[in-house]
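# Fold and contact review
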Amino acid sequence: MITGVGTPAEPLEPLMTKQLAGLILYDHKNRFLLQHRTDDAPTFPGCWSFFGGEVEKDETPEQAVNREALEELSYSLNDPRFWASQRFTYGEINYVSYLFLDRYDGSELVLGEGQGMGWFLPAEAKGLPMSTLGRQVFGELQQLLIETNRLKTSLECILSATSKQGVTAPRS
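Residues numbered from 1 in each chain as written. Predicted model: local features only at pLDDT ≥ 70, side-chain atom pairs only at ≥ 80, totals over all residues. Heavy atoms only, no water.

## Here's the deal with the overall build of the protein chain
The condition is simple: The numbering of helices and of strands both runs from the N terminus, where a helix is a DSSP run of H or I of at least 4 residues and a strand a run of E of at least 2. For the exposure calls, accessible area comes from a 1.4 Å probe over protein chains only, and a residue counts as buried if that area is under 20% of its type's maximum, exposed if over 50%, partly exposed in between. Exposure was quantified through the Shrake-Rupley algorithm and a 1.4 Å probe, taking into account, for residues, occlusion by the shown protein chains and nothing else.
Per the secondary structure count, the protein chain includes 2 helices and 7 strands. If you list the helices and strands of the protein chain from N to C, you get β-β-β-β-α-β-β-β-α. Evaluated residue by residue, the protein chain yields a buried proportion of 36% over its 172 residues. By element, 53% of the accessible surface of the protein chain is carried by carbon and sulfur atoms, the whole surface being about 11300 Å².

## Section: the nonpolar core
To keep things clear, this is the line we draw: Here, nonpolar core means buried Ala, Val, Leu, Ile, Met, Phe, Trp, Tyr and Cys residues that are tied together by side-chain atoms lying within 4.5 Å of each other.
Ranked by size, the top nonpolar core spans 16 residues in total, and within it Leu 23, Leu 33, Val 65, Leu 73, Tyr 75 and Leu 77 carry the most contacts. If you list the elements that add at least two residues to this core, you get strand E1 (16–26), helix H1 (61–73) and strand E6 (93–103). A per-element tally of this core places H1 first, with 4 residues. Counting 15 residues, the second-largest nonpolar core is a separate cluster that includes Ile 24, Leu 34, Trp 48 and Phe 138.

## Structural notes on the pattern of salt bridges
Keep this limit in mind: Salt bridges are defined by distance alone: a side-chain nitrogen of Lys or Arg within 4 Å of a carboxyl oxygen of Asp or Glu.
Enumeration according to the criterion identifies 7 salt bridges in this entry. Linking Arg 67 and Glu 56 is a salt bridge whose minimum nitrogen-to-oxygen distance equals 3.7 Å. Residue Arg 67 is located in helix H1, and its partner Glu 56 is located in the loop between strand E4 (51–54) and H1; the two are separated by 11 residues in the primary sequence. Across the pair Glu 59 and Arg 67 runs a salt bridge whose closest N-O atoms are separated by 2.8 Å.

## Some points on the environment of Gly 52
As a reminder of what qualifies: Every residue pair with non-hydrogen atoms within 4.5 Å of one another is taken to be in contact.
Note that Gly 52 resides in strand E4. With a relative accessible area of 17%, Gly 52 lands in the buried category. When the C-alpha atoms of Gly 52 and Leu 73 are compared, they prove to be 9.9 Å apart, with 21 residues separating the residues in sequence. In this structure Gly 52 touches Ala 21, Gly 22, Glu 68 and Glu 72, once residues within four positions along its chain are discounted.

## Considering the pairing of strand E5 (residues 81–90)
The test is simple: Here the rule is simple: two strands pair whenever DSSP picks up at least two bridges between them.
Two elements, E5 and E6, share 9 bridges in a ladder whose sense is antiparallel. Residue pairing in the sheet places Arg 81 in a bridge with Leu 101 of E6. What sits between E5 and E6 in their antiparallel hairpin is a turn of 2 residues, with Gly 91 showing a positive phi close to 65 degrees.

## A word on unusual backbone geometry
The phi dihedral of Asn 30 is positive, around 60 degrees, even though this residue is not glycine. Here Asn 30 lies in the loop between E1 and strand E2 (32–36).

## Some details on the side chain of Glu 59
The condition is simple: Under this definition, polar contacts are N or O atom pairs within 3.5 Å; protein pairs additionally need one hydrogen-donor-capable and one acceptor-capable atom, and for neighbouring residues in sequence, both atoms have to be side-chain atoms.
Of note, Glu 59 is situated in the loop between E4 and H1. Residue classification places Glu 59 among the buried residues on the basis of a relative accessible area of 16%. Here Glu 56 takes part through its backbone nitrogen, which lies 2.8 Å from a polar atom of the side chain of Glu 59. Here Arg 67 takes part through its side chain, which lies 2.8 Å from a polar atom of the side chain of Glu 59. Residues within four places of Glu 59 in sequence aside, it is in contact with Glu 54, Ala 64 and Arg 67.

## Topic: the environment of Val 65
Relative to the assigned elements, Val 65 resides in helix H1. Considered as a pair, Val 65 and Pro 80 are 15 residues apart in the sequence and their alpha carbons are 8.2 Å apart. In this structure Val 65 touches Ala 21, Gly 22, Leu 23, Leu 77, Pro 80 and Phe 100, once residues within four positions along its chain are discounted.

Structure (C-alpha coordinates):
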(Lines give C-alpha, C1' and ligand atoms only; values in the text may rest on other atoms or scores of the structure.)
Protein backbone atom coordinates (compact mmCIF):
# COMPACT_ATOMS: atom_id res chain seq x y z
CA MET A 1 0.00 0.00 0.00
CA ILE A 2 1.36 3.43 -0.93
CA THR A 3 1.26 5.87 1.99
CA GLY A 4 3.51 8.62 0.67
CA VAL A 5 6.20 9.59 -1.80
CA GLY A 6 9.88 8.97 -1.12
CA THR A 7 11.58 6.91 1.55
CA PRO A 8 11.58 7.96 5.19
CA ALA A 9 14.94 8.05 6.94
CA GLU A 10 13.64 5.46 9.44
CA PRO A 11 10.75 3.05 9.07
CA LEU A 12 7.60 4.40 10.65
CA GLU A 13 6.09 2.31 13.43
CA PRO A 14 2.30 2.19 13.28
CA LEU A 15 0.58 3.14 16.52
CA MET A 16 -1.04 0.25 18.33
CA THR A 17 -4.85 0.42 18.55
CA LYS A 18 -6.76 -0.90 21.55
CA GLN A 19 -10.50 -1.30 21.89
CA LEU A 20 -12.22 -0.28 25.11
CA ALA A 21 -15.75 -0.81 26.40
CA GLY A 22 -17.15 1.83 28.75
CA LEU A 23 -20.23 1.69 30.96
CA ILE A 24 -22.49 4.69 31.45
CA LEU A 25 -24.64 3.48 34.35
CA TYR A 26 -27.46 5.88 35.27
CA ASP A 27 -30.12 5.85 37.97
CA HIS A 28 -33.74 7.05 38.30
CA LYS A 29 -32.49 10.54 39.29
CA ASN A 30 -30.50 10.87 36.03
CA ARG A 31 -27.22 10.59 37.91
CA PHE A 32 -24.26 8.75 36.42
CA LEU A 33 -21.86 6.43 38.21
CA LEU A 34 -18.21 7.43 37.95
CA GLN A 35 -15.02 5.69 39.00
CA HIS A 36 -12.19 7.63 40.66
CA ARG A 37 -9.18 6.14 38.92
CA THR A 38 -6.05 5.34 40.90
CA ASP A 39 -3.01 7.58 40.63
CA ASP A 40 -1.11 4.76 38.86
CA ALA A 41 -3.84 3.95 36.30
CA PRO A 42 -2.43 3.43 32.76
CA THR A 43 -4.71 6.11 31.29
CA PHE A 44 -6.07 9.26 32.91
CA PRO A 45 -4.58 8.58 36.39
CA GLY A 46 -6.36 10.27 39.28
CA CYS A 47 -9.28 11.29 37.08
CA TRP A 48 -12.96 10.47 37.39
CA SER A 49 -14.32 8.45 34.48
CA PHE A 50 -16.84 5.83 33.51
CA PHE A 51 -16.21 2.22 34.45
CA GLY A 52 -14.90 -0.10 31.75
CA GLY A 53 -11.78 -1.56 30.25
CA GLU A 54 -10.08 -3.25 27.36
CA VAL A 55 -11.91 -5.54 24.96
CA GLU A 56 -10.11 -8.88 25.08
CA LYS A 57 -9.23 -11.04 22.08
CA ASP A 58 -12.27 -12.89 20.65
CA GLU A 59 -14.63 -10.69 22.69
CA THR A 60 -17.18 -8.17 21.44
CA PRO A 61 -17.44 -4.73 23.04
CA GLU A 62 -20.81 -5.73 24.53
CA GLN A 63 -19.31 -8.87 26.08
CA ALA A 64 -16.45 -6.73 27.42
CA VAL A 65 -18.74 -4.17 29.06
CA ASN A 66 -20.66 -6.98 30.78
CA ARG A 67 -17.41 -8.57 31.99
CA GLU A 68 -16.00 -5.24 33.17
CA ALA A 69 -19.19 -4.48 35.15
CA LEU A 70 -18.81 -7.80 36.96
CA GLU A 71 -15.07 -7.33 37.57
CA GLU A 72 -15.17 -3.68 38.64
CA LEU A 73 -18.56 -3.46 40.36
CA SER A 74 -19.78 -7.05 41.01
CA TYR A 75 -22.81 -5.92 39.02
CA SER A 76 -24.76 -7.73 36.30
CA LEU A 77 -25.96 -5.38 33.59
CA ASN A 78 -29.63 -5.52 32.65
CA ASP A 79 -29.84 -4.32 29.07
CA PRO A 80 -26.71 -2.47 27.96
CA ARG A 81 -27.36 -0.41 24.84
CA PHE A 82 -24.61 0.85 22.57
CA TRP A 83 -24.69 4.65 22.63
CA ALA A 84 -21.54 6.03 21.01
CA SER A 85 -17.90 5.43 20.20
CA GLN A 86 -14.88 7.67 20.67
CA ARG A 87 -11.46 7.59 19.07
CA PHE A 88 -8.49 9.07 20.89
CA THR A 89 -4.75 8.75 21.33
CA TYR A 90 -3.09 8.53 24.72
CA GLY A 91 0.67 8.28 24.77
CA GLU A 92 1.73 6.06 21.88
CA ILE A 93 -1.55 4.14 21.66
CA ASN A 94 -4.69 4.76 19.63
CA TYR A 95 -7.95 3.80 21.32
CA VAL A 96 -11.50 3.17 20.21
CA SER A 97 -13.91 3.33 23.13
CA TYR A 98 -17.41 1.86 22.77
CA LEU A 99 -19.82 3.39 25.28
CA PHE A 100 -22.89 1.54 26.57
CA LEU A 101 -25.84 2.90 28.54
CA ASP A 102 -27.61 0.82 31.18
CA ARG A 103 -30.14 1.78 33.85
CA TYR A 104 -29.13 0.91 37.41
CA ASP A 105 -31.53 -1.50 39.13
CA GLY A 106 -30.58 -0.77 42.75
CA SER A 107 -28.45 -3.89 43.28
CA GLU A 108 -25.44 -3.62 45.56
CA LEU A 109 -22.29 -2.25 43.92
CA VAL A 110 -18.88 -3.40 45.18
CA LEU A 111 -15.87 -1.38 44.06
CA GLY A 112 -13.34 -3.78 42.55
CA GLU A 113 -11.07 -1.29 40.81
CA GLY A 114 -10.16 2.34 41.40
CA GLN A 115 -9.93 4.45 44.54
CA GLY A 116 -13.59 5.37 44.75
CA MET A 117 -16.92 5.76 43.01
CA GLY A 118 -19.88 8.11 43.17
CA TRP A 119 -23.15 9.13 41.55
CA PHE A 120 -23.12 12.52 39.83
CA LEU A 121 -25.46 14.75 37.85
CA PRO A 122 -23.72 16.20 34.78
CA ALA A 123 -23.60 19.65 36.42
CA GLU A 124 -22.00 18.18 39.57
CA ALA A 125 -19.24 16.49 37.56
CA LYS A 126 -17.97 19.82 36.19
CA GLY A 127 -15.73 20.33 39.22
CA LEU A 128 -14.17 16.86 39.13
CA PRO A 129 -10.79 16.12 37.55
CA MET A 130 -11.76 14.41 34.28
CA SER A 131 -10.25 13.87 30.88
CA THR A 132 -11.36 16.08 28.02
CA LEU A 133 -13.11 13.01 26.59
CA GLY A 134 -15.02 12.46 29.84
CA ARG A 135 -16.17 16.08 29.85
CA GLN A 136 -17.28 15.74 26.23
CA VAL A 137 -19.36 12.65 27.08
CA PHE A 138 -20.92 14.41 30.06
CA GLY A 139 -21.80 17.39 27.87
CA GLU A 140 -23.51 15.13 25.38
CA LEU A 141 -25.32 13.26 28.16
CA GLN A 142 -26.53 16.54 29.63
CA GLN A 143 -27.87 17.59 26.21
CA LEU A 144 -29.55 14.19 25.84
CA LEU A 145 -31.26 14.65 29.23
CA ILE A 146 -32.46 18.13 28.25
CA GLU A 147 -33.91 16.84 24.98
CA THR A 148 -35.46 13.81 26.68
CA ASN A 149 -37.07 15.99 29.37
CA ARG A 150 -38.33 18.41 26.71
CA LEU A 151 -39.88 15.50 24.78
CA LYS A 152 -41.37 14.05 27.97
CA THR A 153 -42.90 17.43 28.87
CA SER A 154 -44.31 17.79 25.34
CA LEU A 155 -45.84 14.31 25.46
CA GLU A 156 -47.34 15.00 28.89
CA CYS A 157 -48.91 18.22 27.55
CA ILE A 158 -50.36 16.39 24.55
CA LEU A 159 -51.74 13.59 26.73
CA SER A 160 -53.19 16.09 29.17
CA ALA A 161 -54.85 18.10 26.38
CA THR A 162 -56.33 15.01 24.70
CA SER A 163 -57.70 13.64 27.98
CA LYS A 164 -59.37 17.01 28.74
CA GLN A 165 -60.99 16.94 25.29
CA GLY A 166 -62.25 13.42 25.81
CA VAL A 167 -60.05 12.01 23.05
CA THR A 168 -59.18 8.38 23.48
CA ALA A 169 -56.74 6.23 21.63
CA PRO A 170 -58.24 3.78 19.13
CA ARG A 171 -58.31 0.18 20.28
CA SER A 172 -56.88 -2.53 18.11
